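What follows is the residue order along each chain.
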Amino acid sequence: MKTESIQHSKGSWSKMKRKWLNLKKGAEGFHSDFFSVNVTPDRSERRKSCSDDGRYAVVPEELSEWLTNDDDIGRSRQEKVDLSMFVGTWNVGGNCPNKDLDVKDWLKTSSPADMYVIGFQEIVPLNAGNVLGAENKSPAVKWLSLIHEALNTNPQLPHNYNPTPTFDHHQSAPKPRASFSDLLSLEDELGHEEFQRIFNNDVSSPLSEINNPETMLNPGFSLVASKQMVGIFLCIFIRNDLRRYVSELKVSCVGRGIMGYLGNKGSISISVTLHRTTFCFVCTHLASGEKEGDEFKRNSDVTEILKKTRFSRSFRTLGKLVPPSNILGHEKIIWLGDLNYRLSSTSDDVHEILQRNDWQALLEKDQLKIEQKAGRIFKGWEEGEICFAPTYKYVMNSDRYVAQTSTPKEKRRTPAWCDRILWKGEGLKQMSYVRGESKFSDHRPVNSLFSVQVNLPPNENKDNFKDPNTRSSLLPVCVAKGQDQGLLISKTTSCIEVH
């Protein structure tokens, strides 16, 4: 009994140490509606069957090329398609949302989106208990539920939406099998109660409808992946009929908080491939403070995040892209979050400029623009024109900046554009860059709409891209047992996994 107690204590200490120092074990796990919960670089792991009842065999990616006709690879003209992507960031100040919080206005854009990338900061208060103790996942689940409900309540039709049904009632597509370890990880990620609701397909859980035939018939949205690190939270939703084209999901977290390691500040990065295009989404909360020189701490955070973010290597497969292992290796990169850059001047003229709504005069004092122009940070990155008021810091539940009030309980903060969205890469065109007006937090949310050019696989045209019943060449090859079994055996025997 004493030995068991010691072992349990060692296990608890090991978990706590990994959390405090932001060590990598478990950092690659994420929650998704339709992908395995844990991503592991273990080269011995095989893809799960895309069928139940043992009617299909899985062909490893190394052999999948032998079953597909790739004679024309390299000779076909590269096809592209334009999609729309919503990107939003919000520091919610440690406030937990209630079910009545309306996020529809924030998520609504002039043109409906095909993908939603949403990052939060301070979804939990950044106190010692949350930074050093067990991670509080309850607010993240509530945010996911609110977003899922908003996106799937009378969803808008995207401009290029193809009404072709995505589900065949006569020959239903079997669901991917989740391993027992995946289920345990999902239970740990969501908590026992929410896990039971989703696992039992409870209709009261908005995340339980992802495999419902009726849901598959409408242009609703499913969760691609979500990840939390203390108060930082990043989630990605995609149109249901596009989700089969998503692959190579990987997550990397970098802590830049206390002692330069803890997760009260830092980044969550998600790498994903959509058809033949690699994306990286980086959600950050950088060093705070408006003392002279604090901007260099934020510069250092950005540099370290770029240096330390690493995604596990994938199999190198003939004729297929190898996803990048770092942020800058991706074709399209979005950096969002509370970057915390302030105004270089805290003089009294700021109040007068605010009264005039002269944003250009204030932006001349913006630290991020000053540092970027000097070439010290974000060299080669783009940001849209800022035509909205500073997003920080407001008196709670009001339209007044803290700097405009004499309330002694509030620290005086010069208004600033802390909340930003930047991008890097060809084929990204920003359509809008605006802020929301919710008074839920001392920050205002910010969002941007992008037109994104996506490369299609060889020999696949735009019509096939829009038709979800067309098999993507990026998906693993599944064949009926016996149909091509002779060919497989002739190629290799040991690499076939049969369920």
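Residues numbered from 1 in each chain as written. Predicted model: local features only at pLDDT ≥ 70, side-chain atom pairs only at ≥ 80, totals over all residues. Heavy atoms only, no water.

- As recorded by an unreviewed UniProt entry, the protein chain carries the name Endonuclease/exonuclease/phosphatase and is attributed to Helianthus annuus.
- The UniProt entry for the protein chain carries the following text under Sequence similarities (unreviewed entry): "Belongs to the inositol polyphosphate 5-phosphatase family." (UniProt positions renumbered as here; feature names shortened; annotations may be inferred.)

1. Some remarks on the pattern of salt bridges
Alright, step 1. On inspection of all chains with the given rule, the structure shows 21 salt bridges.
Alright, step 2. In this structure, the salt-bridge partner of Asp294 is Lys297, at a minimum N-O distance of 3.5 Å. In this pair, Asp294 and Lys297 are both assigned in helix α9 (residues 294-308), three residues apart and thus about one turn of the helix distant.
Alright, step 3. We classify Asp294 as buried; its relative accessible area is 3%.
Alright, step 4. Where Lys393 meets Asp442, a salt bridge forms, and the shortest distance between an N and an O atom there is 3.1 Å. One end of the pair, Lys393, is in the loop between α12 (367-373) and β10 (419-424); the other, Asp442, is in the loop between β11 (428-435) and β12 (446-455), and 49 residues separate them in sequence. Grouping residues by exposure puts Lys393 and Asp442 together as buried.
Alright, step 5. One continuous salt-bridge network, built from bridges that share partners, spans Asp399, Arg435, Glu437, Lys439 and Arg444. (Salt bridge = Lys/Arg side-chain N within 4 Å of Asp/Glu carboxyl O. Helix = DSSP H or I, 4+ residues; strand = E, 2+ residues; numbered from the N terminus. Buried < 20%, exposed > 50% of the residue type's maximum accessible area, 1.4 Å probe, protein only.)

2. Here we look at the packing of aromatic side chains
Alright, step 1. All chains considered together, the criterion is met by 18 aromatic pairs.
Alright, step 2. Note on Phe378 and Trp381: the rings are 5.4 Å apart at their centroids and 75° apart in plane angle, and the pair reads as edge-to-face. For the pair formed by Phe378 and Trp381, the shared burial category is buried.
Alright, step 3. Both rings, one in Phe388 and one in Tyr433, keep their centres 5.4 Å apart while their planes meet at 90°; by these two values the pair is edge-to-face. With a gap of 45 residues between them, Phe388 in the loop between α12 and β10 and Tyr433 in strand β11 connect regions that are remote in the sequence. (Phe/Tyr/Trp six-rings, centres within 6.5 Å; stacked < 30°, edge-to-face > 60°.)

3. Examining the nonpolar core
Alright, step 1. Ranked by size, the top nonpolar core spans 81 residues in total, and within it Met85, Leu107, Phe120, Trp143, Phe281 and Ile334 carry the most contacts.
Alright, step 2. Ignoring any residue separated from it by four or fewer positions in sequence, one finds Ile334 in contact with Met85, Val87, Cys280, Phe281, Val282, Ile421, Leu422, Trp423, Leu428 and Phe450.
Alright, step 3. Grouped together as the second largest cluster of nonpolar side chains are 17 residues, Val282, Phe311, Ile333 and Ile377 included. (Core = buried A, V, L, I, M, F, W, Y, C linked by side-chain atoms within 4.5 Å. Contact = heavy atoms within 4.5 Å.)

4. With respect to unusual backbone geometry
Excluding glycine, residues mostly have negative phi values, and the peptide bonds linking residues are mostly trans.
Alright, step 1. The omega torsion across Tyr392 and Lys393 is 0°, close enough to zero to call that bond cis.
Alright, step 2. Although it is not a glycine, His275 adopts a positive phi angle of roughly 55°.
Alright, step 3. Structurally, His275 can be placed in the loop between β7 (266-274) and β8 (277-285).
Alright, step 4. In this structure His275 comes out as buried when scored by relative accessible area, which is 0%.
Alright, step 5. Its identity as a non-glycine residue notwithstanding, Asn357 has a phi of 55°, on the positive side.

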